[in-house]
Amino acid sequence: MSSENLPQTPEQQGRKPRVAVVFGGRSSEHAISVVTAGAVLRSIDRSKYEVLPIGITTDGRWALTADEPARMAIADRKLPSVEELADSEEGAVVLSVDPANREVVYTEPGAVPKALGEVDVVFPMLHGPYGEDGTLQGLLELSGIPYVGSGVLASAVGQDKEYMKRVFTSFGLPVGPYVTIRPREWEADRDAAKGRILDFAGEHGWPLFIKPARAGSSIGITKVDDVSGLDAAIREAQRHDPKIIVEALLRGREIECGVLEFEDGPRASVPAEIPPVSSHDFYDFEAKYIDSASGIVPAPLTPEQTAEVQRLAVEAFDAASCEGLVRADFFLTEDGTFVINEINTMPGFTPISMYPRMWQESGVEYPELVDRLIQAALNRSTGLR
């Protein structure tokens, strides 16, 4: 594509950069995405950017939504949704896949399509499949629109717990014991698949954690203490993903660390610790989002332990070819070894979420964090890089 066909910059057009905040989506993390987007919308500097909120409904429709962050919070234990925020039950936002045209169009049945202006950068606040897993990132690459966060490969790796662990292992990063049950294996011979899980339990002991392989926010995870709970746990995980991963219990402390890309490369935040939650069996969805269980920031670690977990977090960021931001989750085992559990390429991002809290403690306040991510995306091209 010749330079004369490239979209003009906002400065060339005499306007502020327009940020499309895209949220919601088809995954089971829909509501948490809405909550996260509300926090970002509250914090974007409106004197510096124009903002276009776009919600994706649970059935995949891109909807124009009200710019009303107050309606996007959890209230009285009730989770918000894009359907409640959409301006219309039928109207749809259409993104061009022509890199020379970043115009966004709004259509309604029986009405003339309405141009909403060009989008300069997308802030994708989606969690889980159909958004955080490289699918949306691929669409934005085709459209030639810069976006916040990791690209297609890193997003896909970060979403799939099996391949994430395989990548980390290939780079020499420590991971815990696990076994994966793929859909084809389960459908071909369920008894044999369950036998593999029981063999795994025989080697590593109970309890086990049965998880959807490609979900987040602790959704669909069950802690299983013995064989009697296995069938129900598998069914629950498969409600969210036909591929499941089974992990052994790692005894120790849960430590998290944020990574943020600066001009000179990725840096790690001070780490945080997730203490045991007495009212929950583990740090599950309700503990995180409904009962607002809180972490300790900074984590009470020795200077040597802090330096080690920061080093490992940046190595995990680089191993998966991440960009922009990552939250890396670890176990500090009883023998003093850090084991990486997973990374999140689009972590929870409300002001009380662990990722922003760790960076606040590291000297980067929430509005600056949002601005830094938008600026990094504006300065990064799409395509191979």
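Residues numbered from 1 in each chain as written. Predicted model: local features only at pLDDT ≥ 70, side-chain atom pairs only at ≥ 80, totals over all residues. Heavy atoms only, no water.

Trainee: Any chance you could explain the overall build of the chain here in plain terms?
Mentor: Along the backbone of the chain there are twelve helices and 16 strands. For the chain, the C-alpha radius of gyration of 21 Å lies close to 21 Å, the compact-globule estimate for 385 residues. For the chain, the spread of C-alpha atoms along the three principal axes comes to 65 × 50 × 45 Å. Across the 385 residues in the chain, those meeting the buried criterion constitute 54%. Accessible surface for the chain amounts to roughly 16,800 Å². Of this, 50% is attributable to carbon and sulfur atoms. (Helix = DSSP H or I, 4+ residues; strand = E, 2+ residues; numbered from the N terminus. Rg over C-alpha atoms; globule rule 2.2 N^0.38 Å. Buried < 20%, exposed > 50% of the residue type's maximum accessible area, 1.4 Å probe, protein only. Areas by Shrake-Rupley, 256 points an atom, 1.4 Å probe, with all protein chains shown as cover.)

Trainee: Before we go on, may I ask you to explain the UniProt feature "binding site: Mg(2+) 1" (unreviewed entry) in the chain in this structure?
Mentor: The positions that UniProt labels "binding site: Mg(2+) 1" (unreviewed entry) are, in the present scheme, D329 and E342. In this structure, D329 sits in strand 15 (residues 325-333). D329 has contacts with I255, E256, V339, I340, N341, E342 and N344, leaving out every residue within four places of it along the chain. Inspection of the secondary structure assignment puts E342 in strand 16 (residues 338-344). For E342, a relative accessible area of 14% translates into the label buried. (UniProt positions renumbered as here; feature names shortened; annotations may be inferred. Contact = heavy atoms within 4.5 Å.)

Trainee: Would you mind going over the packing of helix 1 (residues 30-43) against helix 12 (residues 366-378) with me for this structure?
Mentor: In a packed pair of helices, the relevant descriptors are the angle between the two axes and the axis-to-axis distance. At a minimum axis separation of 9 Å, helix 1 and helix 12 run at an interaxial angle of 95°. Comparing the axis directions of helix 1 and helix 12 gives the class roughly perpendicular. Contacts from A39, V40 and S43 in helix 1 reach Y366, P367 and V370 in helix 12. For the contact of helix 1 with helix 12, the per-class residue count stands at five nonpolar, one polar and no charged. (Axes fitted to C-alpha atoms, helices over the stretch in contact; angles between N-to-C directions. Parallel < 35°, antiparallel > 145°, perpendicular 65-115°, else oblique. Nonpolar A, V, L, I, M, F, W, Y, C, P; charged D, E, K, R; others polar.)

Trainee: Is there a simple way to explain the packing of helix 7 (residues 190-204) against helix 8 (residues 230-238) in this structure?
Mentor: Packing of helix 7 against helix 8 leaves a shortest axis separation of 12 Å and a crossing angle of 115°. Between helix 7 and helix 8, the angle is such that the two are roughly perpendicular. For the crossing formed where helix 7 meets helix 8, the hand is right-handed. Residue-level inspection shows K194, I197 and L198 of helix 7 in contact with helix 8, the latter providing L230, D231 and I234. Taken together, the residues that form the contact of helix 7 with helix 8 break down as four nonpolar, no polar and two charged. (Left-handed = near helix turned anticlockwise from the far one by under 90°.)

Trainee: I tried to follow the side chain of R102 on my own but got confused; where do I start?
Mentor: Turning to its location among the elements, R102 is positioned in the loop between strand 4 (92-95) and strand 5 (103-107). One polar contact links the side chain of R102 to the main-chain carbonyl oxygen of G144, over a distance of 3.1 Å. (Polar contact = N/O pair within 3.5 Å; in protein donor to acceptor, adjacent residues only side chain to side chain.)

Trainee: Just to check I follow, could you spell out a negative patch on the surface for this structure?
Mentor: A cluster of acidic side chains, namely D87, E89, E90 and E108, defines a negative patch on the protein surface. By the element assignment, D87 lies in the loop between helix 2 (82-85) and strand 4. (Patch = residues over 30% accessible without salt bridge, like charges linked within 9 Å, V, L, I, M, F, W, Y side chains within 5 Å. Salt bridge = Lys/Arg side-chain N within 4 Å of Asp/Glu carboxyl O. Lys, Arg positive; Asp, Glu negative; His and termini not counted. Charge placed at Lys NZ, Arg CZ, Asp CG, Glu CD.)

Trainee: Help me understand the sheet that holds strand 8 (residues 178-181) in this model?
Mentor: Consider a sheet: its strands pair through backbone hydrogen bonds, and that pairing is either parallel or antiparallel. A sheet is described by the order of its strands in space; here four strands give the open sequence 8-11-9-10, paired in antiparallel fashion. Looking at strand neighbours, the two that pair on one side only are strand 8 and strand 10 (222-224), the edges of this open sheet. Looking at each pair of strands side by side, their axes are set apart by 25° on average, direction ignored. Sheet analysis places strand 8 next to strand 11 (residues 244-248), joined by four bridges and oriented antiparallel. (Pairing = 2+ DSSP bridges.)

Trainee: Please clarify how the sheet that holds strand 6 (residues 114-118) should be interpreted in this entry.
Mentor: A sheet is described by the order of its strands in space; here three strands give the open sequence 4-5-6, paired in antiparallel fashion. Unpaired on one side and paired on the other, strand 4 and strand 6 mark the two borders of the sheet. Direction aside, the axes of adjacent strands within the sheet are offset by 25° on average. With four bridges connecting them, strand 4 and strand 5 associate as antiparallel partners. Following the sheet pairing, V93 is matched in strand 5 by Y106.

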